[in-house]
Amino acid sequence: MTVSHVLMLFNRPRAALLAEAEQGRCPDELLYGLRTLRERGWSVETSDDGFAPSLNARAYRLLNDALSHGGRRTGFHLKQALRLRARMRRADLIFATADSSGMPVLLLRALGLLRTPVVYSSIGLAETFGEPVGAVYGLYRRLLREAAAVIVYAPDERDALIKLFGLAPEKVRFVPFGVQAEFFAGDATTDGPPLAFGIDHRRDWPTFFAAAAGYDGTLELVTNPDLLRGLARPRNVVALNPEPIVDLRARLQRARFVVLPVRDNNYSGATISLLQAMAAGKAVIVSRTRAVAEGYGLVDGENCLLVPPGDVPALAAALDRLAQDEALVERLGANAAAHVGAHHDIGHLATALETVWREVRP
């Protein structure tokens, strides 16, 4: 193996999740396959040191706000990059798993302060900017040239990044995401109510509430309460706060089926939740966004039910369809679990990352 040591950067602390994963209480996809890659012989490390308190916290926050607000939501964790610079220099490769971690590292390369190759994972960058205008856009366009490779998790995002930032097509790689299927696999019980879950801002809870209002039965919703402010929640929807992943897994395994309404996007909104639910053997209703329309082998009526984003009647009809057809629920669930196991297990994600890492460090 040519690349012996990889430093993996995240957009928030991961030490607690890593400890839970080592105890079997957290799936490896929340660590982007770190443990799977270690099992395959890679020396992969990560560090939370870049998130420790700092006397210059206000200055870093102002810089982050300036470069985030210019692009609306990317984040710019320069403190993390500066604090981990010595570790990055010792590494053979840096894998930055988010825009907020990747861009500051690319800035250090552009300034000549770092030579280690960077594989950079983009999640929503093209949608964040939308148009090729502004000083922040110009900076990001320049910094992206420093990446050895850019990984995306949806084919549509690959096309958008290439077009918006003028990237060489061979530099931008589509890598289908994967989940630790065995973590979610369990008894095929369906004695709980249908479940909707997710805490990202692309979840379409207004459409879900409108469709759920006519559903004959109770539905559970696990999400951040902030995403529900100002919304009229139907009485048959029980809203629950986010919970540890092992508790969510138990709730998911009990659910009769899963509902994932998502606003249209071209990156990865709900992709992980979708694969987790499928791995648990659940029939899933999911919005056919650009993020999952290609690259994940989704077939309406075969391994999931696909509905147009924002389409209340279509979502309501899908809810009623699963409520009335237990055979369909069982068939979709079985096919979903088989599909994820064959194509989107965490091992497949690890293999794809290995391929890119070896190509940029021949």
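In the block above lies the structure referred to throughout.
As a starting point, this report considers the structure included with it.

What counts and how
Residues numbered from 1 in each chain as written. Predicted model: local features only at pLDDT ≥ 70, side-chain atom pairs only at ≥ 80, totals over all residues. Heavy atoms only, no water. 1 Å grid on protein atoms, 1.4 Å probe; cavity = no way out; pocket = protein on both sides within 12 Å on 5 of 7 lines; lining within 4 Å. Points joined across faces, edges and corners; volume = space filled by probe spheres on them. Helix = DSSP H or I, 4+ residues; strand = E, 2+ residues; numbered from the N terminus. Nonpolar A, V, L, I, M, F, W, Y, C, P; charged D, E, K, R; others polar. Pairing = 2+ DSSP bridges. Axes fitted to C-alpha atoms, helices over the stretch in contact; angles between N-to-C directions. Contact = heavy atoms within 4.5 Å. Parallel < 35°, antiparallel > 145°, perpendicular 65-115°, else oblique. Buried < 20%, exposed > 50% of the residue type's maximum accessible area, 1.4 Å probe, protein only.

1. Some points on the layout of surface pockets
Here the largest pocket defines a volume of roughly 1,500 Å³. What lines the largest pocket is a set of 41 residues, and nearest its centre among them are Arg12, Arg14, Ile199, Asp200 and Ile272. Counting residues per element, the ones that place at least two in the lining of the largest pocket are helix H1 (15-22), helix H6 (99-110), helix H12 (245-254) and helix H13 (271-279). Ranked by residues supplied to the lining of the largest pocket, first place goes to H13 with four residues. Broken down by class, the residue content of the lining of the largest pocket amounts to 19 nonpolar, 13 polar and nine charged.

2. Here's the deal with the sheet that holds strand S2 (residues 43-45)
Here six strands make up an open sheet; going across it, the order is S2-S1-S3-S4-S5-S6 and the pairing parallel. Two strands in the sheet have a free side with no partner beyond their single neighbour: S2 and strand S6 (172-174). Strand-to-strand twist across the sheet, computed as the mean angle between neighbouring axes with direction ignored, equals 20°. The sheet contact formed by strand S5 (residues 149-152) and S6 spans three bridges and is parallel. Considered in S6, the bridge of isoleucine 151 is made with arginine 173. Sheet contacts for H6: strand S1 (5-9), strand S3 (93-96) and strand S4 (118-121); angle to S4, the most-contacted strand, approximately 150°.

3. Description of the sheet that holds strand S9 (residues 237-240)
If you trace the six strands from one edge of the open sheet to the other, you get S9-S8-S7-S10-S11-S12, paired in parallel fashion. This sheet does not close on itself; its edge strands, each paired only once, are S9 and strand S12 (305-307). For this sheet the average axis-to-axis angle between neighbouring strands, irrespective of direction, equals 20°. Strand direction decides the pairing type here: strand S11 (residues 284-287) and S12, joined by three bridges, are parallel. Among the inter-strand pairings, serine 287 is bridged to a residue of S12, identified as valine 307. Along the sheet, helix H11 (residues 205-212) makes contact with strand S7 (195-197), strand S8 (219-222), S9 and strand S10 (258-260), crossing S8 at roughly 170°. Packing of H13 onto the sheet brings it into contact with S7, S10 and S11, and relative to S11 it is tilted by some 165°.

4. Looking at empty space enclosed by the protein
One simple way to see leftover space: roll a probe sized like a water molecule over the atoms. The full count for this structure, using the stated rule, is one cavity of 30 Å³ or more. Here the largest cavity is characterised by a volume of approximately 30 Å³. In this structure, the largest cavity is lined by Asp204, Thr207, Pro261, Ser287, Val307, Pro308, Gly310, Asp311 and Leu315.

5. Here's the deal with the packing of H13 against helix H15 (residues 326-343)
Relative orientation and spacing of two packed helices are given, respectively, by the angle between their axes and the distance between those axes. Between H13 and H15, the least distance of the axes is 7 Å, while the angle of their chain directions is 115°. Judged on the interaxial angle alone, H15 and H13 are roughly perpendicular. Facing H13, whose interface residues are Leu275, Met278 and Ala279, H15 presents Gly333, Ala336, Ala337, His339 and Val340. A breakdown of the residues in the contact of H13 with H15 according to their chemical character gives six nonpolar, two polar and no charged.

6. Concerning the pairing of S4
The side-chain alternation of S4 yields two buried faces, one formed by Val118 and Tyr120 and the other by Val119 and Ser121. Sheet topology places S4 next to S5; three bridges connect them, and they run parallel. Among the inter-strand pairings, serine 121 is bridged to a residue of S5, identified as isoleucine 151.

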